[in-house]
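Each chain, written out:
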Amino acid sequence: MEMPDRGRGRMMIRSSVLPRRSGWYNNNSAAAPDHRTRKSRGGRVPDESSTPDGRVVHIVGGGIAGLTMAILLHRSGVPCTVHEAGSHRSGIGGGLNVATNGMKVLAAAGVADRVTAAGTTVDTYALLGQDGTVLVEFPYSEPEVHGQPCVSLARATLLGILTDRARRLGVDIRYGAKVVEVSAPGDTLRFADGTTASGRLVVGADGAHSSVRRFVAHQGSTAEYAGLVGIAGATRVAALPGLDRAEIEAITLTIGAGGLLGWGGGDAGTIMWWTYLPHDTDPGWPVTREKLLDRFAGYPKPVGAVIANTDSASRVRLYGVAPLPSWHRDRAVLIGDAAHAVPPTSGQGASLALEDAAHLAGLLAAEDDHRAAFARFEQHRRPRVERAVTEASLGPADGDSAVAALIVGGLPGGPDLIRRANDVLTESFVGLYSDEGRRWKFGYDVP
Ligand SMILES: Cc1cc2nc3c(=O)[nH]c(=O)nc-3n(C[C@H](O)[C@H](O)[C@H](O)COP(=O)(O)OP(=O)(O)OC[C@H]3O[C@@H](n4cnc5c(N)ncnc54)[C@H](O)[C@@H]3O)c2cc1C
């Protein structure tokens, strides 16, 4: 494979690497709402009380999948309402990379240009040793091949753009609308305030802690805490003199004695970073910052400066969900993280959620028979999601718990352990980002 010659070693960031455990996977819970602390700020609350509208598709969850589904359904003339437990953009921290395949869906939703302008186009993906040596590096965005770049940005920025687009189209988004139950035959929602809403169908886009999944899985599936906390922050590029453009337009991971740390451009003019730690109590950012500076001392520049110049960071517990026997039941169907747990290693959770939204929206717009649409949706989507999950597992690290712990938990390791961890990650990267790895992920078009 030809590697771009950028003249100097780079570092970048990306999602983490999480091991397969007992048939379930650590998974994103980044947008999982903390219902104890979120408050509705002026958002509309459900005003129906058993007032059925036989045409409306009720979308539970106003995250990446739910908002995109609503935009695409609305544009096809299918009436829909989004019910979001939280308030607009509240409590949403951290950043993410939307890969080319996800960006194609955002283009169909009419927001790709805004997303690209708001974030950073990622040209390369690299793994560095603690001494700054480039262990492996791949081209990442290939817009000339696949039509869209891969873009990193703050999660709140992406949700803000999607929300704005949905509102301009006239999509009905209701905040503070926490669904607590779906009733048979999957067309009626009950909210935390006791009101209900009925319609044609229910789409569960409510993430890893999905309420709709309880109905679809006959109460049988809950998210399991993986015992890990993701920590993410961002700082201004201006605070980091000496960074060149190639370093910013990249995702760089380093594994060393402190575990894995990733960084790269995020919202335009910012650098975002992330790491994973074993669960501990939150002592507050100033204390955590000092701990992280200590943990990552000796990592290649600009890691220390990036953390030192970060004013606050988000903490996210990571959860896993066992694979479901079915993604739909009666009139209810699941998409995104509610349907499938994709390890952060894949960097594909958001993009697969976007693909789900686009595929299901197309089927529902074209097909009156929801049973046929749901069956076709799952039949087509499941193999692709399963391939992403398998590809993102750590492979050799499944049998090497010390390496897995170092990579995902940041436990201090000696030189030999660090070398083994880098071998594992290098092998994993070759699978994820080789020509074939990029082709099947980024080259995909939703039918
Ligand atoms: C640390 C970390 C880094 C990641 N990095 C990347 C990355 O770089 N690239 C990538 O592609 N993916 C990444 N992911 C995964 C990605 O964030 C998820 O796959 C994606 O957010 C899934 O979108 P979703 O809309 O299905 O679910 P969510 O984003 O979880 O949205 C669900 C929405 O439903 C709402 N909701 C929940 N329960 C209810 C209820 N009962 N009633 C009403 N509303 C409800 C929530 O408030 C939320 O708004 C990362 C995950 C983590 C944890």
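Treat the numbers as computed from the prediction; the structure is a model and nothing was measured.

Quick notes on the rules
Residues numbered from 1 in each chain as written. Predicted model: local features only at pLDDT ≥ 70, side-chain atom pairs only at ≥ 80, totals over all residues. Heavy atoms only, no water. Helix = DSSP H or I, 4+ residues; strand = E, 2+ residues; numbered from the N terminus. Buried < 20%, exposed > 50% of the residue type's maximum accessible area, 1.4 Å probe, protein only. Contact = heavy atoms within 4.5 Å. Areas by Shrake-Rupley, 256 points an atom, 1.4 Å probe, with all protein chains shown as cover. Polar contact = N/O pair within 3.5 Å; in protein donor to acceptor, adjacent residues only side chain to side chain. Pairing = 2+ DSSP bridges. Axes fitted to C-alpha atoms, helices over the stretch in contact; angles between N-to-C directions. Salt bridge = Lys/Arg side-chain N within 4 Å of Asp/Glu carboxyl O. Phe/Tyr/Trp six-rings, centres within 6.5 Å; stacked < 30°, edge-to-face > 60°. Lys NZ or Arg CZ within 6 Å of the ring centre and 35° of its normal. Right-handed = clockwise from strand over helix to strand, strands pointing away. Left-handed = near helix turned anticlockwise from the far one by under 90°. Nonpolar A, V, L, I, M, F, W, Y, C, P; charged D, E, K, R; others polar.

Draft legend 1. Spotlight on the overall build of the chain. On a plain count of helices and strands, the chain comes out with 14 helices and 21 strands. Looking at the chain as a whole, 59% of its 447 residues qualify as buried. Expressed as a percentage of contacts within the chain between residues at least 6 apart in sequence, the contacts between residues at least 24 apart total 77%. Roughly 16800 Å² of accessible area belongs to the chain as shown, and the carbon and sulfur atoms make up 50% of that amount.

Draft legend 2. Fine view of the side chain of S346. One can find S346 in the loop between β21 (332-334) and α10 (349-366). One polar contact links the side chain of S346 to the main-chain amide nitrogen of Q348, over a distance of 3.0 Å.

Draft legend 3. Main features of unusual backbone geometry. The omega angle of the peptide bond from A184 to P185 is 5°, so this bond is cis rather than trans. Examined against the element boundaries, P185 turns out to sit in the loop between β11 (179-183) and β12 (188-191). Put simply, K301 and P302 share a cis peptide bond, and its omega is 10°. Relative to the elements of secondary structure, P302 occurs in the loop between α8 (285-295) and α9 (303-308). Even without glycine at this site, D330 takes up a positive phi of about 50°.

Draft legend 4. Structural view of the sheet that holds strand β9 (residues 151-154). Judged by pairing direction, the sheet is antiparallel, and its 3 strands sit side by side in the order β5-β9-β6 without closing on themselves. Edge positions in the open sheet fall to β5 (95-98) and β6 (120-121), since each of these has one partner strand only. Note that β6 and β9 share 2 bridges and pair antiparallel. Paired with T120 across the bridge in β9 is S152. The strands touched by helix α5 (residues 155-169) are β5 and β9; relative to β9, the strand with the most contacts, the crossing angle is about 95°.

Draft legend 5. Quick peek at the pattern of salt bridges. In this structure the tally under the stated criterion is 20 salt bridges. Of the charged contacts, one joins R376 and E367 as a salt bridge, the two residues approaching to 3.3 Å between their closest N and O atoms. Residue classification places R376 among the partly exposed residues on the basis of a relative accessible area of 43%. Among the charged side chains, a salt-bridge network with shared partners connects E355, D356, R381 and R384.

Draft legend 6. Broad picture of the packing of aromatic side chains. Inspection of every chain in the model, using the stated rule, returns 11 aromatic pairs. Ring centres of Y125 and F429 lie 5.0 Å apart, and the angle between their planes is 85°; this geometry places the pair in the edge-to-face category. One end of the pair, Y125, is in strand β7 (residues 124-128); the other, F429, is in helix α13 (residues 415-433), with 304 residues separating them in the sequence. Residue classification places Y125 among the buried positions, given a relative accessible area of 1%. When the ring of Y225 is compared with that of Y319, the centres are 5.6 Å apart and the planes differ by 50°; the resulting orientation is tilted. With Y225 in strand β15 (residues 224-236) and Y319 in strand β19 (residues 313-320), the pair connects residues that are 94 residues apart, well separated along the chain. Assessed through its relative accessible area of 16%, Y319 is described here as buried. An aromatic cluster of three or more residues is present, and its members are Y125, F138, Y140, F429, Y433 and F442. For R317, the ring lying beneath its charged end belongs to Y225, and the centroid distance is 4.5 Å. Lying over the aromatic face of Y444, R384 brings its terminal NZ or CZ to 3.8 Å of the ring centre.

Draft legend 7. Representation of the pairing of strand β3 (residues 57-60). Residues V57 and I59 of β3 are buried on one face, and the alternating residues H58 and V60, pointing to the opposite face, are buried as well. Relative to strand β4 (residues 80-84), β3 is paired through 4 bridges, and the arrangement is parallel. By the bridge assignment, H58 is partnered in β4 with T81. Read from β3 through helix α1 (residues 64-75) to β4, the crossover connection turns out right-handed.

Draft legend 8. Examining the sheet that holds β12 more closely. Pairing is antiparallel in the open sheet, where 3 strands are placed in the order β11-β12-β13. Here the strands that pair on one side only, and so sit at the sheet edges, are β11 and β13 (196-198). Taken pair by pair, the neighbouring strands of this sheet meet at an average axis angle of 20°, ignoring direction.

Draft legend 9. Representation of the packing of helix α11 (residues 370-392) against helix α14 (residues 435-442). At a minimum axis distance of 11 Å, the contact between α11 and α14 shows a crossing angle of 150°. Considering how the two elements wind past one another, α11 and α14 form a crossing that is left-handed. Residues R384, R387, A388 and E391 of α11 form the contact with α14, whose own contacting residues are E436, G437, W440 and K441. Of the residues in the contact of α11 with α14, the class split is 2 nonpolar, 1 polar and 5 charged.

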